[in-house]
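# Structural features, examined
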Amino acid sequence: MAQKTEALFRADAYLRTAEAQVVAINDRGGILLDRTIFYATSGGQPGDTGVFERADGSRIMIAATITGETKDEIIHVPAPEQALPAVGEKLNLAIDWQRRHLLMRMHSACHLLTVVCPFPITGASVAEDDSRVDFDIPDAGFTKEEVTARLMELVRADHPIFTRLITDEELAANPGLVKSKNVRPPLGTGKIRLVCIGENAWIDSQPCGGTHVKSTGEVGEIHIGKIEKKGRENRRFRIRFGPMPAN
Ligand SMILES: [Zn+2]
């Protein structure tokens, strides 16, 4: 039976620590908790790493976080040769915040890129130092310098980023919200989470379960490192931190 883990990061992406209780250890040694601040790999965003501290002060290093049988079941994968906690044991959780914050900034940057480049998305992958978004377009039609300049306008304007829940019916009435060509948001749960940018979401809103920074200014300086051709009708945009290198 799949467990349902309370995903604290959905309501507050800035939680770095929390207390939780072990509800199960699966047959591969994965740790399941009643609630967690560890984001599980999905939607192109990698899962969190971090530590669990036990009552005696010893630590269990968590190397990865993944989903189980359902998206609501979150499995914490310990690093090799870690002691396993007992079911019912209380733990203090701490994510690797430095890494997570980079991923939040990058994930928000990917959303900004889909505002600047409003084309169907065929894939995306968020990483700490280099993220990519693939678009279904035969020709980019603009340079990486132009895209970078437009991204940085959005960053400098420091627009708010927030989440909102809508119903399946509201989503069905607004099909334009879904930018992904292949991936549809999960229907049937009754609620879909939108990540919105700008006052009243005037800049963007799209279904997303990821963790984001609270304003575009917090994304910081970014640039397009490359626009690659991936097949006849696909362009891959790579986002990197920092100013565009002079060449
Ligand atoms: Zn997203």
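Residues numbered from 1 in each chain as written. Predicted model: local features only at pLDDT ≥ 70, side-chain atom pairs only at ≥ 80, totals over all residues. Heavy atoms only, no water.

This next bit is on the overall build of the chain. Across its full length, the chain holds four helices and 15 strands. Across its three principal axes, the chain shows a C-alpha extent of roughly 60 × 45 × 35 Å. The contacts of the chain with a sequence gap of at least 6 include a subset with a gap of at least 24, amounting to 65%. Split by element, the accessible area of the chain, about 12300 Å² in all, is 51% carbon and sulfur. The average position of the 31 basic charges and that of the 33 acidic charges among the side chains of the chain differ by 4 Å. (Helix = DSSP H or I, 4+ residues; strand = E, 2+ residues; numbered from the N terminus. Contact = heavy atoms within 4.5 Å. Areas by Shrake-Rupley, 256 points an atom, 1.4 Å probe, with all protein chains shown as cover. Lys, Arg positive; Asp, Glu negative; His and termini not counted. Charge placed at Lys NZ, Arg CZ, Asp CG, Glu CD.)

Let us now look at the coordination of the zinc ion. Summarising the metal site, the zinc ion is bound by the protein donors His 107 (NE2), His 111 (NE2) and Cys 208 (SG), whose distances to it range over 2.1 to 2.3 Å. The sequence pattern describing where the donors of the zinc ion fall on their chain is H-x3-H-x96-C. One end of the pair, His 107, is in helix α2 (residues 97-116); the other, Cys 208, is in the loop between β13 (204-207) and β14 (222-229), with 101 residues separating them in the sequence. Judged by its relative accessible area of 13%, Cys 208 is buried. (Donors = N, O, S within 2.8 Å, 3.2 Å for Na, K, Ca; no water. Buried < 20%, exposed > 50% of the residue type's maximum accessible area, 1.4 Å probe, protein only.)

Each pair of packed helices can be described by the angle between their axes along with the distance between the axes. Between α2 and helix α3 (residues 144-156), whose axes approach to 10 Å, the crossing angle comes to 120°. The handedness of the crossing between α2 and α3 is right-handed. Contact residues: Ala 109, Leu 112, Leu 113, Val 115 and Val 116 in α2; Val 147, Arg 150, Leu 151, Leu 154 and Val 155 in α3. A breakdown of the residues in the contact of α2 with α3 according to their chemical character gives nine nonpolar, no polar and one charged. (Axes fitted to C-alpha atoms, helices over the stretch in contact; angles between N-to-C directions. Left-handed = near helix turned anticlockwise from the far one by under 90°. Nonpolar A, V, L, I, M, F, W, Y, C, P; charged D, E, K, R; others polar.)

Positioned with a positive phi, Asn 200 is a non-glycine residue whose angle comes to about 55°. Of note, Asn 200 is situated in the loop between β12 (191-197) and β13. Judged by its relative accessible area of 74%, Asn 200 is exposed. Although it is not a glycine, Ala 201 adopts a positive phi angle of roughly 60°.

Rolled over the atoms, a probe sized like a water molecule indicates the empty space that remains. By volume, the second largest pocket amounts to about 170 Å³. Considering the residues around the second largest pocket, the lining is formed by 16 residues, among which Ala 13, Ile 161, Thr 163, Arg 193 and His 212 are closest to the centre. Looking at the lining of the second largest pocket, the elements that each hand over two or more residues are α1 (8-11), β11 (161-167) and β12. (1 Å grid on protein atoms, 1.4 Å probe; cavity = no way out; pocket = protein on both sides within 12 Å on 5 of 7 lines; lining within 4 Å. Points joined across faces, edges and corners; volume = space filled by probe spheres on them.)

Our focus in this paragraph is the side chain of Asp 134. Position of Asp 134 among the secondary structure elements: in strand β10 (residues 130-135). For Asp 134, a relative accessible area of 8% corresponds to the buried category. Among the polar contacts listed, one links the side chain of Asp 134 to the side chain of Arg 236, at a separation of 2.7 Å. The residues touching Asp 134, leaving out its near neighbours within four places in the chain, are Pro 120, Ile 121, Thr 122, Gly 123, Asn 234, Arg 235 and Arg 236. (Polar contact = N/O pair within 3.5 Å; in protein donor to acceptor, adjacent residues only side chain to side chain.)

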